[in-house]
Amino acid sequence: MNKFSKSILMICLITFVGFRINAQTVIIDNYYNQETKKDKSGNMVTFHYQWNETEMSGFSIFGEAFKKNGAKELKTLSAAPDEAKLKGTDIFIIVDPDNLKDNAKPNYVNEAEASAIAKWVKAGGVLLLMANDEVNADLEHLNILTSKFGFTFNKDLILHVTDDQHFADGEISIENNPIFKTAKHVFIKDASSIKINHSAKPVLKTTDGKNVMVSVKYGKGTVLAVGDPWLYNEYVNGRLPVKYDNDKAANDIASWLIKQIP
């Protein structure tokens, strides 16, 4: 191969690698979490943790963090996840699965769907699970999925915060953390703790040692789980006291998740 051919090959390789880095697809679930409300026109619309939702309950700021870190596409999956629907997905996010309080007919995680998601992770998928406390989320069926990765969400309540005069009750300080490179103090309110059964590792803990966030390598893929959907707009857009770095935490997590893609 002459110098000219080598140069052309190198340019092609660099172009291909650069394209892959910036072609990540992040999909958020809208099947297990499918809350609806009436809009100003009286139409029923999906809300809560949606990419295009700029209200306090939305994920528009978290979505921008993914774009900032190289995600090309932010999509939504409104059907039960299976092998075909997850094909081409780099990061899949399940947030706050509905219980009967949220939805008269919730779509619960079942064994077939859990197995399909686990198979996708094993092949290299990156899964982010953001639960909630038992009163506000279906943990029982979500644990069908989490148990495949070596952990389960507990039906308890940690980091309970009664009102805006008690932000410190939801504070977690961070130091030398493999995920949070810039966030030093974060706020997480009313979460479920996480029980590690075997392979998962703690990422964040309360001061009394309860797991708030865990991660696990599963085959070629990665799972990150936290006991609350804490990065929605209300808690990353300046509503918190200035000492809390939830906006930085959103960027740290998006950056770390994208780096886990094989």
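Cut-off values and rules
- Residues numbered from 1 in each chain as written.
- Predicted model: local features only at pLDDT ≥ 70, side-chain atom pairs only at ≥ 80, totals over all residues.
- Heavy atoms only, no water.
- 1 Å grid on protein atoms, 1.4 Å probe; cavity = no way out; pocket = protein on both sides within 12 Å on 5 of 7 lines; lining within 4 Å.
- Points joined across faces, edges and corners; volume = space filled by probe spheres on them.
- Nonpolar A, V, L, I, M, F, W, Y, C, P; charged D, E, K, R; others polar.
- Helix = DSSP H or I, 4+ residues; strand = E, 2+ residues; numbered from the N terminus.
- Expected span 1.5 Å × (residues − 1).
- Buried < 20%, exposed > 50% of the residue type's maximum accessible area, 1.4 Å probe, protein only.
- pLDDT = per-residue confidence, 0-100.
- Contact = heavy atoms within 4.5 Å.

(A) Expanded view of empty space enclosed by the protein. Overall, the coordinates contain one cavity of 30 Å³ or more when judged by the stated rule. Here the largest cavity is characterised by a volume of approximately 30 Å³. Taken together, Val161, Asp163, Asp164, Phe167, Phe187, Lys189, Tyr235 and Arg239 make up the lining of the largest cavity. Across the lining of the largest cavity, the residue classes break down as four nonpolar, no polar and four charged.

(B) Structural context of the layout of surface pockets. For the largest pocket, the calculated volume is near 280 Å³. In this structure, the largest pocket is lined by 15 residues; those nearest its centre are Leu86, Thr89, Trp120, Ala123 and Gly125. Those elements that provide at least two residues to the lining of the largest pocket are helix H3 (83-86) and helix H4 (111-122). The class makeup of the residues in the lining of the largest pocket is six nonpolar, four polar and five charged.

(C) Expanded view of helix H6 (residues 246-259). Between its first and last C-alpha, H6 extends 20 Å over 14 residues, near the 20 Å set by a 1.5 Å rise per residue. Across the 14 residues of H6, eleven count as buried, placing the element largely inside the fold. Along H6, the residues that are buried comprise Asn246, Ala249, Ala250, Asn251, Asp252, Ile253, Ala254, Ser255, Trp256, Leu257 and Ile258.

(D) Spatial organisation of the confidence of the model for the protein chain. Per-residue pLDDT for the protein chain has a mean of 92; in total, 91% of the residues score no lower than 70. When mean pLDDT is compared element by element in the protein chain, strand S6 (residues 126-130) scores highest at 99, while helix H1 (residues 3-21) scores lowest at 48. In the predicted structure, residues 14-22 sits below a pLDDT of 50 and forms five contacts with residues beyond four places in sequence or in another chain.

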